[in-house]
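Topology and contacts: notes
Here is how the chains run, residue by residue.
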Amino acid sequence: MLAAPIPSQEGTGALLASFGQIAAHPEQYHAADAAGLGSMALDMLTATFVQMLDLESSVPAETQNQVLRARVEAFIDSHLGDADLSPADVAAAHHISVRTLHRLF
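Residues numbered from 1 in each chain as written. Predicted model: local features only at pLDDT ≥ 70, side-chain atom pairs only at ≥ 80, totals over all residues. Heavy atoms only, no water.

Looking at the overall build of the protein chain
Formally: Per the convention used, a helix needs a DSSP run of H or I reaching at least four residues, while a strand needs a run of E reaching at least two, with both numbered from the N terminus. When a residue's accessible area, from a 1.4 Å probe over protein chains only, is under 20% of the maximum for its type it is buried; when over 50% it is exposed; and in between it is partly exposed. By the convention used here, residues are in contact when the closest approach between their heavy atoms is within 4.5 Å. Exposure was quantified through the Shrake-Rupley algorithm and a 1.4 Å probe, taking into account, for residues, occlusion by the shown protein chains and nothing else. Charged residues are defined here as Lys and Arg on the positive side and Asp and Glu on the negative side; His and the ends of the chain fall outside this count. Working definition for charges: the position is that of NZ of Lys, CZ of Arg, CG of Asp or CD of Glu.
Along its length, the protein chain carries six helices and zero strands. Its helices and strands taken in sequence order, the protein chain reads α-α-α-α-α-α from the N to the C terminus. Overall size of the protein chain, expressed as C-alpha extent along the three principal axes, is 40 × 35 × 25 Å. Each of the 105 residues in the protein chain was classed as buried or not, and the buried ones make up 23%. Within the protein chain, residue pairs in contact and separated by at least 24 positions form 51% of the contacts whose partners lie at least 6 positions apart. Accessible surface computed for the protein chain: about 7200 Å², of which carbon and sulfur atoms make up 59%. Across the protein chain, the centroid of the 4 positively charged side chains sits 12 Å from that of the 12 negatively charged ones.

A look at the packing of helix α3 (residues 34–52) against helix α4 (residues 61–78)
Selection rule: For helices, the fitted axis covers only the stretch in contact; all axes are lines through C-alpha atoms, and the angles between them, taken along N-to-C directions, range from 0 to 180 degrees. Should an angle lie under 35 degrees it is considered roughly parallel, over 145 roughly antiparallel, and from 65 to 115 roughly perpendicular; all remaining angles are considered oblique. Think of it as three bins: nonpolar holds Ala, Val, Leu, Ile, Met, Phe, Trp, Tyr, Cys and Pro, charged holds Asp, Glu, Lys and Arg, and polar takes everything else, Gly as well.
Two elements in contact, α3 and α4, have axes whose closest approach is 10 Å; the angle formed by their N-to-C orientations is 100°. With respect to their mutual orientation, α3 and α4 come out roughly perpendicular. Counted together, D43, M44, A47 and Q51 of α3 and T63, Q66, V67 and R71 of α4 form the full contact between these two elements. Per-class residue counts for the contact of α3 with α4 are three nonpolar, three polar and two charged.

Some words on a nonpolar patch on the surface
What counts, and what does not: Nonpolar side chains (Val, Leu, Ile, Met, Phe, Trp, Tyr) are joined into patches within 5 Å and like charges within 9 Å, using only residues with over 30% relative accessible area and no salt bridge. Any carboxyl oxygen of Asp or Glu that lies within 4 Å of a side-chain nitrogen of Lys or Arg is treated as forming a salt bridge with it.
Together, I6, M52, L53 and L55 make up a nonpolar patch on the protein surface, roughly 310 Å² of accessible area in all. Turning to its location among the elements, I6 is positioned in the segment before α1 (11–19).

Some thoughts on α4
To keep things clear, this is the line we draw: A helix is expected to reach a length of 1.5 Å times the quantity of its residues less one.
Between its terminal C-alpha atoms α4 stretches 26 Å, which fits the 26 Å expected from 18 residues at 1.5 Å a residue. Along α4, the positions that sit buried rather than exposed are T63, V67, L68, A70, V72 and F75. In this structure, the buried side of α4 is in contact with α1, α3, α5 (87–93) and α6 (98–104).

Re the packing of α1 against α4
Any two packed helices are characterised by the angle at which their axes cross and by the distance between the axes. Counted only if it meets this: Handedness of each helix crossing follows the sense of rotation of the near helix against the far helix: counterclockwise by less than a right angle gives left-handed, clockwise gives right-handed.
Contact geometry for α1 and α4: axes closest at 10 Å, N-to-C directions at 70°. Between α1 and α4, the angle falls in the class roughly perpendicular. Pair α1 / α4 crosses with left-handed handedness. Contacts between α1 and α4 involve G11, T12 and L15 from the first element and V67, A70, R71 and A74 from the second. Grouping the amino acids of the contact of α1 with α4 by side-chain chemistry returns four nonpolar, two polar and one charged.

Observations regarding α3
Rules: The arc in question is traced by the directions running from the helix axis to the C-beta atoms.
Here α3 contains 19 residues, and its C-alpha end-to-end distance of 27 Å stays within 8% of the 27 Å for a straight helix at 1.5 Å per residue. Among all positions in α3, only L37, D43, M44, A47, T48 and V50 are buried. Seen from one end, α3 has its buried residues packed into an arc of 165°, which puts them on one side. Seen from the buried face of α3, the exposed residues on the opposite side, beyond 90 degrees, are A35 and L42. Among the structural elements, α1, α2 (21–24) and α4 are those in contact with the buried residues of α3. Within two residues after α3, D54 carries a phi angle of roughly 55°, on the positive side.

Given below as structure tokens:
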């Protein structure tokens, strides 16, 4: 896996690539945020490798939820200008129900 390129145009690879902005702008974060951010980065990297190896069922549910939540938050951030954005739109974009979306948050 260390020599394999990580696709960064979609899925968890794209989310992981955008997470790299944190390293580019560390002044925006407090030192106390480091542990949580590190944990999130590790979860996203794990999810990316799992997706590449087609092993999604082996990842703990908590990690799956954290990655899905990060994907949803990134989607919402990138669509904030859409006046018609609704929970149903967000859920549909992630192939989950509105109820699952609400439980996620």
